[in-house]
Amino acid sequence: MDRSSSGPKSLFPKAPSFTLDNFSSKDFIVRDFVDSLAESAVPVNRRSGPGQVAFDPKPLIRTFENALSQLALLGEELQGSESELLSQVRRAEIQHDQTLDTLGRKLDETMSSFEALDVTLNSGSASAPDTSGRSDGGGNVAVQIGEKLEELDRKRRRAQDANFLIQCWTEVSETGQLASLEDIRRQGGAENKVRCAVIARQLMRISQQLDPTSWGQTNGHRNTGSSSPMARAHNTREILEKFCETLEQDLLKQFNNSYRRQNFDDMMECSKVLYDFNGGASVIAVFVNQHQFFIDRDQLMSDEVTADGEMWEALADPDSDPPGIEPSLQSLIDEVKIVMQEESFIIKRAFPYYETVLTKFIQRVFQQSIQQRLEKVLDKAETISTLAFLRSLHSSRSYIGSLVEDLKTHGLTEHPEPCSAQISQALDQQLDELFVPYMVGNTYIEREKKSLEEMYGSLLFRFSMYHSRRKKAPTGFMASLAQQGTQFIATAKDAYLERLESSDLTPTQKKIMLRVAGLKDKDNKNEIEVTEEDGALSVANAKRMLKWLAESVQRTLELGSRVETPKDMNVLLGLLLTSMGKVYIETALEAAHMQATVLENSKTEPDLSYLPGIRPAVTVAAIMERFISVVLIRLADSNTTVRKNMEAQKKMATDSIEKKANAVVKASIDVVSNWTAKALGGQKKQDFRPRDAELESLQTPTCLAICTFLARAGKQAAQAVDGLNAEKFFSELAMAVQGLLFDHFKKFQVNATGGLMVTQDIAKYAATLRDWPLAKDVTAAVELLTEIGSLFIVGPEALREKSRTLSVGTGAGAGPSSSSSRGKLSKADFRAFVQRRDDSGSVGIQSVLAGL
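Residues numbered from 1 in each chain as written. Predicted model: local features only at pLDDT ≥ 70, side-chain atom pairs only at ≥ 80, totals over all residues. Heavy atoms only, no water.

Looking now at the overall build of the chain. A count of helices and strands for the chain gives 33 helices and two strands. Scored against the burial criterion, the 852 residues of the chain give a buried share of 41%. For the chain, contacts bridging at least 24 residues in sequence account for 75% of all contacts bridging at least 6. Carbon and sulfur atoms provide 52% of the accessible area of the chain, an area that totals close to 46,700 Å². (Helix = DSSP H or I, 4+ residues; strand = E, 2+ residues; numbered from the N terminus. Buried < 20%, exposed > 50% of the residue type's maximum accessible area, 1.4 Å probe, protein only. Contact = heavy atoms within 4.5 Å. Areas by Shrake-Rupley, 256 points an atom, 1.4 Å probe, with all protein chains shown as cover.)

Shown next, in the form of structure tokens:
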């Protein structure tokens, strides 16, 4: 029994229990739940048994039955909760509907009350209700009532003012007093002062109408004495004017006191009253004229400009950088900047019409303080030199322009925003008016031209003096060729001397001109000793001239008008082409050409030292042309007519310089070739037929002299030309020399030993010419010379072979100077050379000549 009673406990274990939380969890999965039940229903000892055991469903059935019963209980519990929630929802909906009904009733009551009020307000109006049954007449009635009240108030005020005005007029006309108006004035306050000002103006008009005698008028009536109704016991005009003056003075005094106390609100009230009283002219004048800045500056304006002497000398020195603005003017402008920024703040808070006041203040600052100091500085600069004046004008304009831009950016009364258009215009206008007297018409560009002419004349004085004294060609073509250059030189020299002796030349200016010219004050200008170096072109001097011109161009751009810039550039171009182009470059080239022409038929070995002077002439011309194209002409692009004219001037000047340079080069080639021909003409007839006992050298003296001369000429020419120009020059010169040598060796009888001498001479000539930069075809022609030398020494067989390799034909003009035959000999030339051999009559030589 014990076992039987204990048996069911082990067979049927207690079933698991569940709650609603087990099934409401987010992690609940049906499959996993069933698997867990099945696992818990199988005993452990059976799960691990080795044998197959028959499945017993009863525990599972019991388990699922228990689970179903618990699920049923849970379902009933859930249904009860759901019913309770549904009942709560219904109760909330009922309460919400009741609240809406209550609010609707209250809204209806409010609308009914508003409509009743609207009908009540509109009961006296003829306005018909609109289609909705409502009317807006109540608002119209309220507006109409307000307007009527305002109109009545205005009428009341006008009546009171008229009554008071009549009372004041009665007082002033009968008693000569303004007691009532004085009482109002003494009460103070901006409103009372404005009222006093208005009434005083009205009394003045009444006085003019009713008391014409006070105004010197009869108004069409004859003044018959005190019994006349038009006669007055008191001069109402004088009384009223005195009152107005007193009122204005009181207001101005109050304004000044407030200004000292920095009471801006009171200043604003006073300025408003005075604006209504007389347009504000008096208060603006008081504020501007009595400003401490003008009081202090007026005391300093009488001071002379006493800048450092080194500064003024630097201003006048064209080779030194401009030192900048004069210190006292700079100090004034710096102070103006601070004062205007500070005062604009006060003006904005003290005046309702602040832009008008600021404009007046700006005008006073520029027209009185800055202009007076600027004039003193420029007057002082003009006593120094023209360049000092121009530099001072430019630096002053730049510094004052920077002041204007800074003030615009600062904004003044509009700070921190930029200035208003009215103030910006006022600042620009004052800046322009400061410098108009110095820029009107051609005044400015003529000053620039005058300054450059003085500096160029000084720099080129020694150059001009040298070329004015050089030996002129006596007559003929060269005299006419150099006439124009000589005229320019003489004009430049005379202009410099005339300017140097001018009474209006300042001591500093004279000192600078003498220094630039390399002279001393005690020198006699017409007896100055000059050297060849003074007459030579200098690239450094040309750069100085262009540097001075570039500074003038910069000033012209910044100071002048854009419209006038092309014309100004044209003026500067004309000056440059005259001073640098004609006086400097062309004069040097004409001198070189004249010297070359004189040497063309020289009886002694010519000195080609003038040749290296061509190189700086070409360099200076190139620099000048580049400056004109890049700077001057480009700045004239806005005016097509002027630009084309400038381009034509540049082309004409460039062509003239190129023609003169080419003429020098061509003449130099003639000089060298003529002297070479002359030297070759000195070759002795028997030089190439020496006797063995007389032979001292295989090189003839003539060859040595000519090669030495050609080498020296080549070195000097290499200093004159380079690049493609050098190749063309030396190629043409080499062909000229080669032609001379070609003809030269046809003139001499040559023996066996002389053949060796011919060969050595020709080799020397060829080596000298090879040192030059030659074109390819010219090099071939030079090499032909060495082949000609061999014709005098080789035997008949070798000569026959050479006749086949050197001979080009028998056509006319087939000489070595012909471009078609460079490197080849004509048969006639071959025969001419061979026939100069002493053994030309031999059978072998004759057979070679017969076979040509």
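That shown, we press on.
Inspection of the secondary structure assignment puts S668 in helix 26 (residues 640–681). Take S668: its relative accessible area is 0%, and that puts it in the buried class.

Below, the discussion takes up the environment of K651. Tracing the chain through its elements places K651 in helix 26. The class of K651 is exposed, set by a relative accessible area of 51%. Spatially, the C-alpha atoms of K651 and E625 are 9.1 Å apart, while their sequence positions differ by 26 residues.

Within the secondary structure layout, Q716 lies in helix 27 (residues 701–718). A relative accessible area of 16% places Q716 in the buried class. Through-space distance from the C-alpha of Q716 to that of Y610 is 8.5 Å; in sequence the pair is 106 residues apart. Aside from chain neighbours lying at most four places away, what touches Q716 is D607, L608, S609, L611 and P612.

Okay, the packing of aromatic side chains next. If you walk through the whole model with that rule in mind, you get 18 aromatic pairs. For the pair F287 and F361, a centre-to-centre distance of 6.3 Å together with 50° between the ring planes defines the contact as tilted. Separated by 74 residues along the polypeptide, F287 in helix 11 (residues 281–289) and F361 in helix 15 (residues 354–382) bring together distant segments of the chain. In this structure F287 comes out as buried when scored by relative accessible area, which is 2%. Relative accessible area serves as the criterion here: at 0%, F361 is assigned to the buried category. On the basis of an interplanar angle of 55° and a centroid distance of 5.9 Å, the ring pair of F688 and F745 is categorised as tilted. With F688 in the loop between helix 26 and helix 27 and F745 in the loop between helix 28 (723–744) and helix 29 (752–770), this residue pair connects regions lying 57 residues apart in the sequence. F745 carries the same exposure label as F688, and that label is buried. If you follow K685 out to its NZ or CZ, it ends over the ring of F748, 5.6 Å from the centre. The side chain of K746 reaches across the aromatic face of F833, ending 5.8 Å from its centre. (Phe/Tyr/Trp six-rings, centres within 6.5 Å; stacked < 30°, edge-to-face > 60°. Lys NZ or Arg CZ within 6 Å of the ring centre and 35° of its normal.)

Our next topic: the nonpolar core. One finds F351 and F366 to be the most contacted residues of the largest nonpolar core, which totals 126 residues. Beyond its immediate sequence surroundings of up to four residues, F366 is in contact with Q371, I400, L403, V404, L427, Q430 and L434. Judged by nonpolar contacts, the second largest core, of 64 residues, contains A592, V672, A726 and Y765. (Core = buried A, V, L, I, M, F, W, Y, C linked by side-chain atoms within 4.5 Å.)

The tally for this structure, following the rule as stated, stands at 29 salt bridges. A salt bridge links E586 to K660, with the shortest nitrogen-to-oxygen separation between them at 3.5 Å. On the criterion of sequence distance, the pair formed by E586 in helix 24 (residues 565–599) and K660 in helix 26 is long-range, its members being 74 residues apart. Owing to a relative accessible area of 15%, K660 belongs among the buried residues under this scheme. Residues joined in a network through salt bridges with shared partners are R391, E448, E551 and R555. (Salt bridge = Lys/Arg side-chain N within 4 Å of Asp/Glu carboxyl O.)

This part takes up helix 24. End to end, helix 24 covers 48 Å across 35 residues, agreeing with the expected 51 Å (1.5 Å per residue, within 8%). At E586, helix 24 is deflected by roughly 35°, the largest bend along its length. In terms of burial, helix 24 is a largely internal element, 26 of the 35 residues being buried. (Expected span 1.5 Å × (residues − 1). Bend = angle between axes of the 7 residues up to and from the residue.)

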